[in-house]
Amino acid sequence: MRKLTYYIACSIDGFIGDPDGDASSMFAFSTGTYMEFMVGEYPETIPVQGRGPLGVDADNKRFDTVIQGLNSYQLALDIGVTSPYAHLREIVATRSLTESPDPNVELIADDLVGRVRALKAEDSPLGIWLCGGSQVAGALVEEIDELVIKTYPQVYGSGMPMFGADFAPRDFELGEVRTFDNGVLVRTYTRKR
């Protein structure tokens, strides 16, 4: 069975964006050996508008599908990009957008959990990337098999949490921990089932 990986950037205090979801302050840390790590280990997570400038032409290494909420997807739409991850199968969880602006983008309004379970049951050596946001992660928290948390050396104080879910402890086992000279910390956790 394929796994669902929540690969997400957050502040030290666990926020993935400001109260409106803006995380642009974190972009300043996408440099040096950390950027080399992202391009080398997670090339498919670089959106199409950044692939050319970064020289990313690698095949998908870990994922063949991306799931995100409308707020995350809207960032691309706002700059005229209708398929920000054209090298992946794109799924956007939304109830307000009723017609996809791109043939590569599948919209899903209902039964997101059922759709993810069907994706996980597919035969593929690559996994599924949960890109964000908070509400989608909260809806899929029981389906998440792995967390890859990129912690940036910033404190937000308040904002959008990693999970928009009700309180319920869920256990994960710490795996790899990587540190970078710009203060970024990348931790990988596996779900204890």
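Keep in mind that what you see is a predicted model, and the values were worked out from it rather than measured.

Another point: the side chain of Thr65. By the secondary structure assignment, Thr65 is in strand β3 (residues 63–69). The buried category is assigned to Thr65, whose relative accessible area is 0%. A polar contact is formed between the side chain of Thr65 and the side chain of Asp64, at a distance of 2.8 Å. Separated by 3.1 Å, the side chains of Thr65 and Arg89 make a polar contact. Those residues in contact with Thr65 that lie beyond four places of it in its chain are Arg2, Leu88, Arg89, Ile91, Leu119, Gly127, Ile128 and Trp129.

Quick look at helix α1 (residues 32–41) now. Turning to α1, its buried residues number three or more, namely Tyr34, Met35, Phe37 and Met38. Burial along α1 is one-sided: seen end-on, the buried residues are contained in an arc of 155°. Buried residues along α1 sit in contact with β1 (4–11), α2 (48–54), β7 (146–152), β9 (172–179) and β10 (185–191).

The subject of this paragraph is the pairing of β9. Where β9 and β10 come together, six bridges link them in antiparallel fashion. Across the sheet, Leu174 pairs through a bridge with Tyr189, a residue of β10. Where β9 folds back onto β10 in an antiparallel hairpin, the turn is made up of five residues, including Gly183, whose phi is positive at roughly 95°.

Take the state of the cysteines next. Tallying each qualifying case throughout the model produces zero disulfides. As a non-bridged cysteine, Cys10 has Cys131 as the owner of its nearest cysteine sulfur, 14 Å distant. Look at Cys131 and you get buried, because its relative accessible area is 14%.

Here the focus is unusual backbone geometry. The omega torsion of the bond from Gly132 to Gly133 falls at 10°, within 30 degrees of zero and hence cis. In this structure, Gly133 sits in the loop between β6 (127–132) and α5 (134–139). Of note, the phi angle at Asp111 is positive, near 55°, even though the residue is not glycine. Inspection of the secondary structure puts Asp111 in the loop between β5 (105–108) and α4 (112–121).

Moving on to the nonpolar core. With 23 residues, the main nonpolar core has Leu4, Tyr6, Ile67, Leu112, Leu130 and Leu140 as its most contacted residues. Those elements that provide at least two residues to this core are β1, β4 (89–93), α4, β6, α5 and β7. Residue contributions to this core peak at four residues, all from β1. Residues contacting Tyr6, with those up to four places away along its chain left out, are Ile16, Leu130, Cys131, Gly132, Gly133, Ala137, Ile144, Glu146, Leu147, Val148, Met162 and Phe163. Residues Ala23, Met35, Val66 and Cys131 belong to the second largest nonpolar core, which totals 21 residues.

Moving on: the environment of Leu119. Relative to the elements of secondary structure, Leu119 occurs in helix α4. With relative accessibility at 0%, the residue Leu119 sits in the buried group. Considered as a pair, Leu119 and Pro53 are 66 residues apart in the sequence and their alpha carbons are 31 Å apart. Filtering out sequence-adjacent residues up to four positions away, Leu119 remains in contact with Arg2, Thr65, Ile67, Arg89, Ile91 and Ile128.

One pass over the structure, following the stated rule, counts twelve aromatic pairs. The interplanar angle of 70° and the centroid separation of 5.2 Å between the aromatic rings of Tyr6 and Phe163 together place this pair among those described as edge-to-face. With Tyr6 in strand β1 and Phe163 in the loop between β8 (160–161) and β9, this residue pair connects regions lying 157 residues apart in the sequence. When its relative accessible area of 0% is taken as the criterion, Tyr6 is described as buried.

Quick look at the pairing of β6 now. Of all the six residues making up β6, six are buried; the element is thus mostly covered by neighbouring parts of the structure. Across three bridges, β1 lies against β6 in parallel orientation. By the bridge assignment for β6, Tyr6 is matched with Leu130. Two elements, β3 and β6, share five bridges in a ladder whose sense is parallel. Opposite Thr65, over in β6, you have Ile128 as the bridge partner.

Criteria and thresholds
Residues numbered from 1 in each chain as written. Predicted model: local features only at pLDDT ≥ 70, side-chain atom pairs only at ≥ 80, totals over all residues. Heavy atoms only, no water. Helix = DSSP H or I, 4+ residues; strand = E, 2+ residues; numbered from the N terminus. Buried < 20%, exposed > 50% of the residue type's maximum accessible area, 1.4 Å probe, protein only. Polar contact = N/O pair within 3.5 Å; in protein donor to acceptor, adjacent residues only side chain to side chain. Contact = heavy atoms within 4.5 Å. Arc of directions from axis to C-beta. Pairing = 2+ DSSP bridges. Disulfide = S-S within 2.5 Å. Core = buried A, V, L, I, M, F, W, Y, C linked by side-chain atoms within 4.5 Å. Phe/Tyr/Trp six-rings, centres within 6.5 Å; stacked < 30°, edge-to-face > 60°.

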